[in-house]
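Chain and residue survey
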Amino acid sequence: MLVGFDFVQWASDFTTTWIPLLFFFLMCVVVWLLWKTVKLMPRVKPMEITPGSASAVTWADVAGLDEAKEELQEIVDFLRNPEHFESLGARVPKGILFHGPPGTGKTLAAKAIANESGARFYAQSASAFVEMFAGLGAARIRKLFEEARKNAPSIVFIDELDAVGQARSGHSFNREQDQTLNQLLVELDGFGQREQVVVMAASNRLQDLDPALLRPGRFDRQIFIQPPDLKGRRAILGVHMRGKPLGEDVDIDAIARQTAGLTGADLANICNEAAISAGRKDRPALTQADFDYALERVVAGLQQRRVVTDKEKRILAYHEGGHALVSHLVGNQPEKATIIARGTALGYVLHLPEEERYLETKEELLAWMVMALAGRAAEELVFGRVTNGAANDLEKVTAIARAMVFEWGMGESVTSRTMRADNYALSEETKRLRDSEQARLTDHAYEEAQRLLSHHRVALDRIAAALLDRETLSRDELVELFQDVEPDSRSAETVGVVRALGADPTG
Ligand code: ADP
Ligand code: MG
Ligand code: ZN
């Protein structure tokens, strides 16, 4: 008799006992691993501030954001007295987005609003949502809004919105981020008319945000917070020097003047470094020497960030002054001129469109080109050389001139046909003609800008000096500066009266 290995028996034992056992064991390992990661996960609790808490930030702590503050006061008023606004049938914007470079006081302003309005404040940084497990980010958002609704009137503040709000790429790498974003959109849409919850968010880069976030009914009110100008810097320094004993030799104005291009956070940092320096030297008060030291230290730490030197500032003042003066001369009153950097532009002149326009006459386009080239023309006129600061202007002018000749039949000799290569094959001769037409348009615009500026050199010097002194000039200040400068008649004739193409044609 063979007492052999009973394969059939073994196999059936294996399937009924061993496989389930193995399976069970594996499950245990998985559960244990999950548990460990969950425990390691940072516990993100939303920061909750109840009205009147001690660490509260008030308007007095926020300096220099006067334009933004005015706009925000409306929200504060609403949250303080929602019934009143509702009885009037008023609808207050639900979603407010602060955007601007880091360190300009976006988070600070949000905290101040919370405190001033006496509303409950639920704040959470969006970067905390995305590191989470599938679904958890979305759940947190839901929870955050649930709490805020329960305790209305309240403010939900989502800081660093870029972390969840980045434009979705076609092939989504990060489904978790998408889910979180979707949940946020759902919450934003889910507000009833009567709910007294205001949603605020901050982002460093508006252009990277998913356009879905910016649609009406969501973050449809956007407030740009820009680096402070001279007046703003002085005010911010004032806030951060408050409560610090100051020596008599401290010259706040001088410090403000030396810090063009720095943000509120940098200025706070300078004040703090100065206090540390005074402490180390055992001084009873902060002296100018402490501030000089701090300035050097902070500025050196910012190496790649631009601090505009005096020489650069002079060039900028003439460049932007040139744009503004020529705008005025061709009959297009600028809203604002500044030599404070914004985005990649070192300064800019802002025009508001008087009406929405899609059709432009040739004269208007030419006048626009003259304005756009006036920055470089002013540099050349005054300093006898040009900088690379006009690259952006040149690019835009080239694009317009090209479109005028290639597409719109607005060249000087060729006026009734388009010359786009994709329509039909162009002969070499036509191509040459096309290029020379384009160059002629641009050259003429540049010559016109030079002519206008040298003719009005006195006014150019005047606006450059004003920009150096005040850094930003408002519409009223510009009107006053140019009050005795008549719009150029020849220019008005040849160039026509301009209405701007849109905001900010002349960076
Ligand atoms: P952001 O959120 O725009 O990156 P923060 O609001 O976090 O900048 O600002 C950082 C710090 O810089 C603030 O806590 C404050 O000390 C200082 N600061 C920035 N802007 C201002 C300002 N306008 N007035 C006063 N302090 C400011
Ligand atoms: Mg912030
Ligand atoms: Zn320019």
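Quick look at the structure, then. Everything numeric here is computed off the predicted structure, so don't read it as measured data.

1. Structural notes on the overall build of the protein chain
- Summing up its helical and strand segments, the protein chain has 19 helices and nine strands in all.
- Per-residue burial for the protein chain yields a buried fraction of 44% across its 507 residues.
- Looking at the protein chain alone, contacts between residues at least 24 apart form 78% of all its contacts between residues at least 6 apart.
- Accessible area for the protein chain stands at about 26600 Å²; split by element, carbon and sulfur atoms hold 54% of it.

2. Some thoughts on a nonpolar patch on the surface
- On the surface, F5, F7, V8, W10, F14, W18, I19 and L21 cluster together into a nonpolar patch covering about 900 Å² of accessible area.
- Mapped onto the fold, W10 is located in helix α1 (residues 7–40).

3. So, unusual backbone geometry
- If you check the backbone angles, E160 has positive phi at about 50° while not being a glycine.
- Within the secondary structure, E160 is located in the loop between β4 (154–159) and α7 (162–165).
- On the basis of relative accessibility, which here comes to 35%, the residue E160 falls in the partly exposed class.
- Even without glycine at this site, E471 takes up a positive phi of about 70°.

4. Looking at the side chain of E273
- Within the secondary structure, E273 sits in helix α11 (residues 264–280).
- The exposure class of E273 is buried, given its relative accessible area of 16%.
- Sequence-distant contacts of E273, defined by excluding residues within four places in its chain, comprise A294, R297 and V298.

5. Side note on the nonpolar core
- In this structure, L325, V326, M369, M404, L453, L460 and I463 are the most contacted members of the largest nonpolar core, which totals 47 residues.
- With 13 residues, helix α14 (residues 362–383) is the single largest residue contributor to this core.
- Excluding residues that lie within four positions of it along the chain, L460 makes contacts with Y318, G321, G322, L325, A378, L381, V382 and L453.
- Of all hydrophobic cores here, the second largest spans 27 residues; its members include W59, F78, I113 and A119.

6. Observations concerning the site of ligand 1
- As a matter of local geometry, ligand 1 sits amid 16 residues, with A63, G103, K106, T107 and H240 nearest to it.
- One of the backbone N or O atoms of G105 is found 3.1 Å from an oxygen atom in ligand 1.
- In the model, an oxygen atom of ligand 1 is placed 3.4 Å from a nitrogen or oxygen of the A265 main chain.
- Protein contact buries 79% of the 560 Å² of open area that ligand 1 shows by itself.
- Those elements that provide at least two residues to the shell around ligand 1 are α4 (106–117), α9 (230–241) and α11.
- Tallied by class, residues from the shell around ligand 1 come to eight nonpolar, six polar and two charged.
- Counting only domains with at least three residues in the shell around ligand 1, you end up with domain 1 (47–167 + 176–224) and domain 2 (230–300).

7. A look at helix α2 (residues 66–80)
- The end-to-end C-alpha distance of α2 is 20 Å, a good match for the 21 Å that 15 residues give at a rise of 1.5 Å each.
- Most pronounced at L72, the bend in α2 amounts to some 25°.
- The complete set of buried residues in α2 reads A68, K69, L72, I75, V76, F78 and L79.
- Check the buried side of α2 and you find it contacts α3 (82–87), β2 (95–99), α4, β4, β5 (197–203) and β6 (221–224).

8. Observations concerning α4
- The end-to-end C-alpha distance of α4, which contains 12 residues, comes to 17 Å, matching closely the 16 Å that a straight helix rising 1.5 Å per residue would cover.
- Among the residues of α4, K106, A109, A110, A112, I113, A114 and S117 are the ones counted as buried.
- Check the buried side of α4 and you find it contacts α2, β2, β3 (120–125), β4 and β5.
- Positive backbone phi, approximately 70°, marks G118, located one or two places after α4.

9. Points about the pattern of salt bridges
- Under the counting rule described, the total for this entry stands at 18 salt bridges.
- Between E437 and R440 there is a salt bridge, with the nearest N and O atoms lying 3.9 Å from each other. Residue E437 and its partner R440 are located together in helix α16 (residues 428–455), separated by three residues, close to a single helical turn.
- By relative accessible area, R440 is classed as partly exposed at 36%.

10. Looking at the packing of α9 against α11
- Two numbers describe how α9 lies on α11: the axes approach to 9 Å, and their chain directions differ by 40°. The orientation of α9 relative to α11 falls into the category oblique. α11 is crossed by α9, and the crossing has right-handed handedness. Contacts between α9 and α11 pair R233, I236, L237, H240 and M241 from the former with G264, L267, A268 and C271 from the latter.

11. Some words on the environment of P334
- As for its position among the elements, P334 is in the loop between α13 (310–329) and β7 (336–338).
- Judged by relative accessible area, P334 falls into the buried class, the value being 0%.
- Remark: the alpha-carbon pair of P334 and V479, spanning 145 residues in sequence, is separated by 8.9 Å.

12. Concerning the packing of aromatic side chains
- Under the defined criterion, the tally for this structure stands at two aromatic pairs.
- Between the aromatic rings of F121 and F157, the centroid separation amounts to 5.9 Å while the plane-to-plane angle is 20°, which identifies the pairing as stacked. Here F157 lies in strand β4 and F121 lies in strand β3, a separation of 36 residues in the sequence.
- Taking the centre distance of 5.6 Å and the plane angle of 85° together, the rings of Y318 and F383 count as edge-to-face.

Cut-offs and rules
- Residues numbered from 1 in each chain as written.
- Chains lettered and ligands numbered in written order.
- Predicted model: local features only at pLDDT ≥ 70, side-chain atom pairs only at ≥ 80, totals over all residues.
- Heavy atoms only, no water.
- Helix = DSSP H or I, 4+ residues; strand = E, 2+ residues; numbered from the N terminus.
- Buried < 20%, exposed > 50% of the residue type's maximum accessible area, 1.4 Å probe, protein only.
- Contact = heavy atoms within 4.5 Å.
- Areas by Shrake-Rupley, 256 points an atom, 1.4 Å probe, with all protein chains shown as cover.
- Patch = residues over 30% accessible without salt bridge, like charges linked within 9 Å, V, L, I, M, F, W, Y side chains within 5 Å.
- Salt bridge = Lys/Arg side-chain N within 4 Å of Asp/Glu carboxyl O.
- Core = buried A, V, L, I, M, F, W, Y, C linked by side-chain atoms within 4.5 Å.
- Near = heavy atom within 4 Å.
- Polar contact = N/O pair within 3.5 Å; in protein donor to acceptor, adjacent residues only side chain to side chain.
- Nonpolar A, V, L, I, M, F, W, Y, C, P; charged D, E, K, R; others polar.
- Domains from an automatic or database assignment.
- Expected span 1.5 Å × (residues − 1).
- Bend = angle between axes of the 7 residues up to and from the residue.
- Axes fitted to C-alpha atoms, helices over the stretch in contact; angles between N-to-C directions.
- Parallel < 35°, antiparallel > 145°, perpendicular 65-115°, else oblique.
- Left-handed = near helix turned anticlockwise from the far one by under 90°.
- Phe/Tyr/Trp six-rings, centres within 6.5 Å; stacked < 30°, edge-to-face > 60°.

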